[in-house]
Amino acid sequence: MATNQHEIYEKARKRTVQKKGFYIHIVLFILGASIIYSLTLINGFDIDHNAVNFYIAITVWFLLLLLHFVKVFITSKFFDQDWERKATEKLIQKHNKKVLLLEKKLQKSGVLPAPTVTKMKGLFTAFKKKREIILIAALGSNNELGKDNDLIWHLPADLKRFKKLTSGHHIIMGRKTFESIGKPLPNRTTIIITRDKNYKHEGCLIANSLEGAILLSKKDESPFIIGGAQIYNQALKIATKLEITYVHHTFEADVFFPKIDVTIWNEIKREFYKADEKHNYDFSFVSYTKKTT
Ligand SMILES: NC(=O)c1ccc[n+]([C@@H]2O[C@H](COP(=O)([O-])OP(=O)(O)OC[C@H]3O[C@@H](n4cnc5c(N)ncnc54)[C@H](OP(=O)(O)O)[C@@H]3O)[C@@H](O)[C@H]2O)c1
């Protein structure tokens, strides 16, 4: 969190320096233009004879000032590092799709002889989007998750985000979390993990281990692990992405989320929201991806 605050501060500081530079440039331009004009008069030059040079100099300088404006208020503002990252990701995705299409075409038409296809497959699969295992959780300031098998806050925006992210996907949860929810959630495939071999619930898949649950969700490119504490503890090792809601408040709790090791997890996105009439606490949505070694 401290790293992120530092990044925000650094960004704000850079923007201030950029804007200050531009305002100084305007003042210099006005002063410079006035001085050039005055010198022309003081030296007794005939302004009509020197007018062309004078106007060229001022026009060139004005264009430079305009470029400076574009750099500070358009390029740096809208095409910052965040934009660069997103654009690169989009490009890679587009490229991956093309490669996969090509791979399929070549395989279908049999243009590539079998051994070559096998050889190239390794290359193509390297481009393929990796399957994600996403762990989604909401934590208090001390990593609190819940108490008495229930949640300890009500944040409609968090529920809405949870629904948006998980809809259409497999959601994997411990038996206790399932029982605290009470029913399978619509538009999602519910997988319950329990050691009880006879456990059943209508509309749900049952797994007797985390690995079993992951296997049951194998057709989903991004299944979600939704808790609770026991399952998070086991799943943090295999997750590739974390979608965390930080509730900026401390709570009494009996289950806690494990520590997120920042040497393993890269924070890639953070959105902060202030408390309002519907939300009793400030909160942030933070996404992490696992660092590749
Ligand atoms: N804040 C959040 O985002 C969030 C999200 C989810 C849950 N929660 C909270 O977390 C709490 C529940 O968490 P919890 O840790 O008590 O329970 P849990 O992780 O939801 O479920 C634990 C149960 O899962 C089964 N299980 C765990 N590991 C297993 C394994 N390796 N193989 C087979 N089965 C396994 C066992 O079921 P059996 O006993 O049936 O064998 C175990 O009792 C609640 O307070 C809930 O509200 C908070």
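The rules behind each value
- Residues numbered from 1 in each chain as written.
- Predicted model: local features only at pLDDT ≥ 70, side-chain atom pairs only at ≥ 80, totals over all residues.
- Buried ≥ 20, exposed ≤ 12 C-beta atoms within 10 Å, placed from the backbone.
- Helix = DSSP H or I, 4+ residues; strand = E, 2+ residues; numbered from the N terminus.
- Pairing = 2+ DSSP bridges.
- Contact = placed C-beta atoms within 7 Å.
- Axes fitted to C-alpha atoms, helices over the stretch in contact; angles between N-to-C directions.
- Near = placed C-beta within 6 Å.
- Nonpolar A, V, L, I, M, F, W, Y, C, P; charged D, E, K, R; others polar.
- Core = buried A, V, L, I, M, F, W, Y, C linked by C-beta atoms within 7 Å.

### A short note on the pairing of strand β7 (residues 241-247)
Of all the seven residues making up β7, six are buried; the element is thus mostly covered by neighbouring parts of the structure. Bridge analysis of strand β1 (residues 134-139) against β7 gives six bridges, and the strand direction is parallel. Looking across to β7, one finds that Ala-137 is bridged to Ile-244. Judged from the seven bridges that link them, β7 and strand β10 (residues 283-290) form a sheet pairing that is antiparallel.

### Some points on the sheet that holds β10
Pairing between sheet strands relies on hydrogen bonds along the backbone, with the strands arranged either parallel or antiparallel. Ordered by their spatial adjacency, eight strands build an open sheet running β5-β4-β3-β6-β1-β7-β10-β9, and the pairing between neighbours is mixed. Both outer strands of the open sheet, β5 (204-207) and β9 (265-273), are each paired with one neighbouring strand and no more. Sheet analysis places strand β4 (residues 189-193) next to β5, joined by four bridges and oriented parallel. Its bridge partner lying in β5, Ile-192 is registered against Ile-206. Set on the sheet, helix α5 (residues 156-166) makes contact with β1, β3 (170-174), β6 (224-225), β7, β9 and β10; between it and β1 the angle comes to about 175 degrees.

### Topic: the site of the ligand
In the neighbourhood of the ligand, 28 residues make up the surrounding shell, with Gly-146, Gly-174, Thr-177, Gly-227 and Gly-228 lying closest. Elements represented by at least two residues in the shell around the ligand include exactly β1, β2 (144-146), β3, α6 (175-181) and α8 (229-235). Here the shell around the ligand is built from residues that sort into eleven nonpolar, twelve polar and five charged.

### With respect to the nonpolar core
Counting 37 residues, the largest nonpolar core has Leu-135, Ala-137, Leu-139, Ile-172, Met-173, Ile-225 and Tyr-232 as its most contacted members. Those elements that provide at least two residues to this core are β1, β3, β4, α7 (210-216), β6, α8, β7 and β10. The element contributing the most residues to this core is β1, with six residues. Sequence-distant contacts of Ile-225, that is, excluding residues within four places in its chain, are made with Ile-133, Leu-135, Ile-172, Ile-231, Ala-235 and Ala-239.

### Comments concerning the environment of Gly-21
Of note, Gly-21 is situated in helix α1 (residues 2-42). The exposure class of Gly-21 is exposed, given the 12 C-beta atoms found within 10 Å. Placed 51 residues apart in sequence, Gly-21 and Val-72 show a C-alpha to C-alpha distance of 9.0 Å.

### Observations regarding unusual backbone geometry
Cis geometry marks the peptide bond from Gly-227 to Gly-228; its omega dihedral reads -5 degrees. For Gly-228, the position within the fold is in the loop between β6 and α8. Despite not being glycine, Asn-143 shows a phi value in the positive range, around 65 degrees. Tracing the sequence through the fold places Asn-143 in the loop between β1 and β2. In the Ramachandran plot, Asn-187 falls in the positive-phi region, its phi being about 60 degrees despite a non-glycine side chain. Its location among the elements puts Asn-187 in the loop between α6 and β4. The exposure class of Asn-187 is exposed, given the 9 C-beta atoms found within 10 Å.

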